Amino acid sequence: MTVTTAREAYGGQMGYVLLAVAAVAAVLSAAITVLVRRERRRMPSSADTHQIEATATQGFRDARRQAHAYHHFADSTGVSALRDRDNGSH
């Protein structure tokens, strides 16, 4: 009974490279399969969904704008915030 090693069975270094490529391809195909299934289960968007997403996006922008203003007015002098506000570049 002869025992063959993995190197002999798969053709040496090239065999290891091929096995690594096959493993990466298997992982990628599994991830793509999960994403495709998830997208198919997603329900089509209705008018209400579009309105909710638009309102949420606007709220997010307002929150960022307000946080930006708080950040500028929170410095020690407050003068730079007023200068930036009057400059119109922000």
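Scroll up to find the structure.
Everything numeric in this text was worked out from a predicted model, so none of it was measured.

Draft legend 1. Here's a closer look at the pattern of salt bridges. Using the criterion set out here, one finds one salt bridge in the structure. For the salt bridge of Asp 62 with Arg 65, the shortest nitrogen-to-oxygen distance reads 3.0 Å. Taken together, the residues Asp 62 and Arg 65, both in helix 3 (residues 47–73) and three residues apart, mark about one turn of the helix. Owing to a relative accessible area of 37%, Asp 62 belongs among the partly exposed residues under this scheme.

Draft legend 2. Layout of a nonpolar patch on the surface. Together, Met 14, Val 17, Leu 18 and Val 21 make up an exposed nonpolar region whose accessible area comes to about 390 Å². With respect to the element layout, Met 14 can be found in helix 2 (residues 13–41).

Calculation notes
- Within each chain, residues carry numbers counting from 1 in the order of the written sequence.
- In keeping with the predicted nature of the model, local features appear solely for residues at pLDDT of at least 70, side-chain atom pairs appear and are counted solely at 80 or more, and the whole-chain, interface and lining totals rest on all residues.
- Side-chain descriptors were evaluated using all non-hydrogen atoms of the structure, hydrogens and water having been removed beforehand.
- Whenever Lys or Arg places a side-chain nitrogen within 4 Å of a carboxyl oxygen from Asp or Glu, that contact is recorded as a salt bridge.
- Helix and strand assignments come from DSSP, with helices taken as H or I runs of at least 4 residues and strands as E runs of at least 2, each series counted from the N terminus.
- Burial here depends on accessible area, computed with a 1.4 Å probe over protein chains only, as a share of the maximum for the residue type. Under 20% is buried, over 50% is exposed, and the range in between is partly exposed.
- The patches reported here contain residues having more than 30% relative accessible area and no salt bridge. Joining distances are 9 Å for like charges and 5 Å for nonpolar side chains (Val, Leu, Ile, Met, Phe, Trp, Tyr).
- Working definition of accessibility: Shrake-Rupley area with a 1.4 Å probe, residue cover restricted to the visible protein chains.

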